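An overview of the molecular structure
Listed here are the chains, written in short residue letters.
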Amino acid sequence: MGTDLHELLKSLRVWDPETTELPPLDPDTVPDEPLALFTAWLAEAVAAGQPEPHTMSLATADADGRADVRIVMLHGADEDGWSFASHSTSRKGTQLSGRPYAALAFYWPRLGRQIRVRGPVTEAPSVEARTDLHVRSTGALAAALTGRQSQPLASLAELARASEAAWERARAEPETPAPTWTLYRLRPDEVEFFQGDERRRHVRVDYLRAAEGWDRGLLWP
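Rules and cut-offs
Residues numbered from 1 in each chain as written. Predicted model: local features only at pLDDT ≥ 70, side-chain atom pairs only at ≥ 80, totals over all residues. Heavy atoms only, no water. Salt bridge = Lys/Arg side-chain N within 4 Å of Asp/Glu carboxyl O. Helix = DSSP H or I, 4+ residues; strand = E, 2+ residues; numbered from the N terminus. 1 Å grid on protein atoms, 1.4 Å probe; cavity = no way out; pocket = protein on both sides within 12 Å on 5 of 7 lines; lining within 4 Å. Points joined across faces, edges and corners; volume = space filled by probe spheres on them. Nonpolar A, V, L, I, M, F, W, Y, C, P; charged D, E, K, R; others polar. Buried < 20%, exposed > 50% of the residue type's maximum accessible area, 1.4 Å probe, protein only. Arc of directions from axis to C-beta. Contact = heavy atoms within 4.5 Å. Polar contact = N/O pair within 3.5 Å; in protein donor to acceptor, adjacent residues only side chain to side chain. Pairing = 2+ DSSP bridges.

1. Details of the pattern of salt bridges
A side chain of one charge can pair with a side chain of the opposite charge if their charged atoms are brought near each other. Counted under the stated rule, the structure contains 13 salt bridges. Among the salt bridges present, the one from Arg66 reaches Asp62, with a minimum N-O distance of 2.8 Å. The partner of Glu128 in a salt bridge is Arg185, with the nearest N and O atoms 2.4 Å apart. Here Glu128, found in helix H4 (residues 126-134), pairs with Arg185, found in strand E7 (residues 181-186); they are 57 residues apart in sequence, far enough to count as distant.

Below you can see the structure in the form of structure tokens.
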């Protein structure tokens with residue numbers, strides 16, 4: 001007998017108190033700019049044991065304006081923006097080439113927190129992309145060298161052959177380039193910090209880029 005989807009969904013909990021702590025958020029004490037708060041929250045997510053807190057949803061749009069989303073890894077965040085990487089020939093790379101604007105979302109249920117980031121996206125210089133790739137693991141380089149991301153795949157056997165060849169090359173030539181591998185930077189126009197509350201009085205602090213610095217306000221939950 002198959003699983004009843006609706007009954008399964010009704011059985012699930014959000015922010016189970018056995019695994020989740022909902023810390024208070026006082027908007028009057030947050031920093032003047034979002035990067036400092038993001039850094040503090042990321043450190044707190046790591047300390048709380050949140051699995052893979054450096055992963056995030058990346059939303060883009062295709063040439064017809066149809067939304068697309070996937071999970072990627074954060075490679076860095078500084079005054080230049082939030083960074084992630086992919087092949088320029090991948091689906092997201094092609095979409096960013098045509099519509100260089102994106103949104104990011106982090107979700108850390110251990111603390112009932114979300115962070116949403118929106119803004120224009122640019123490509124970092126190729127030398128920075130190469131440096132970023134080559135400081136990572138052999139597996140990361142092998143995955144980049146496998147290439148053909150988002151293209152149709154005939155079989156898993158074909159993937160296995162290409163992957164094995166890429167692993168061999170990555171081990172033998174750890175400095176080999178991956179020409180289409182691209183480091184992207186999203187420079188935020190808006191960053192929102194969401195802190196969940198057990199009585200659903202969620203606190204949403206919203207930063208909007210201004211001519212100089214940031215304007216900060218609150219949003220209804």
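2. A look at the layout of surface pockets
Put simply, the largest pocket is a space of about 320 Å³. Taken together, 16 residues line the largest pocket, and the ones lying closest to its centre are Ala85, Ala140, Ala143, Gln149 and Trp181. Secondary-structure elements contributing two or more residues to the lining of the largest pocket are strand E2 (67-73), strand E4 (81-87) and helix H5 (138-146). Ranked by residue count, the leading element in the lining of the largest pocket is H5, at four residues. A per-class count over the lining of the largest pocket returns eight nonpolar, six polar and two charged. Reported here for the second largest pocket is a volume of approximately 190 Å³. Glu33, Pro34, Leu35, Asp78, Glu79, Gly81, Trp82, Arg187, Pro188, Arg209 and Trp214 together form the lining of the second largest pocket. At the level of secondary structure, the elements contributing two or more residues to the lining of the second largest pocket comprise helix H2 (34-47) and E4. Of the residues assigned to the lining of the second largest pocket, the class counts are five nonpolar, one polar and five charged.

3. Observations regarding H4
Turning to H4, its buried residues are Ala129, Asp132 and Leu133. Looking straight down H4, one finds that the buried residues subtend no more than 95 degrees of arc, so they occupy a single side. Taken together, the buried residues of H4 touch E4, H5 and E7.

4. What to know about the side chain of His87
The residue His87 is located in strand E4 in this model. Within the structure, His87 has its side chain in polar contact with the backbone oxygen of Ala144 (distance 3.2 Å). If we skip the residues at most four places from it in the chain, His87 touches Gly93, Ala143, Ala144, Gly147, Gln149, Thr180, Trp181 and Tyr184.

5. A closer look at unusual backbone geometry
The phi torsion at Trp15 lies on the positive side, around 55 degrees, for a residue other than glycine. Of note, Trp15 is situated in the loop between helix H1 (5-11) and H2. Even without glycine at this site, Glu52 takes up a positive phi of about 45 degrees. Within the fold, Glu52 resides in the loop between H2 and strand E1 (55-61).

6. Notes on the pairing of strand E6 (residues 113-123)
Across eight bridges, the pairing between strand E5 (residues 101-108) and E6 is antiparallel. Note on E6: the bridge partner recorded for Phe106 is Ile115. Counting the residues between successive antiparallel strands, the hairpin from E5 to E6 contains four residues, one of them, Gly112, with a positive phi of roughly 60 degrees. The pairing of E6 with strand E8 (residues 190-195) spans six bridges and is antiparallel. Its bridge partner being in E8, Ile115 is matched across the sheet by Phe193. Bridge count between E6 and E7: three bridges; the pairing is antiparallel. Within E7, the position partnered with Val121 by the bridge is Leu186.

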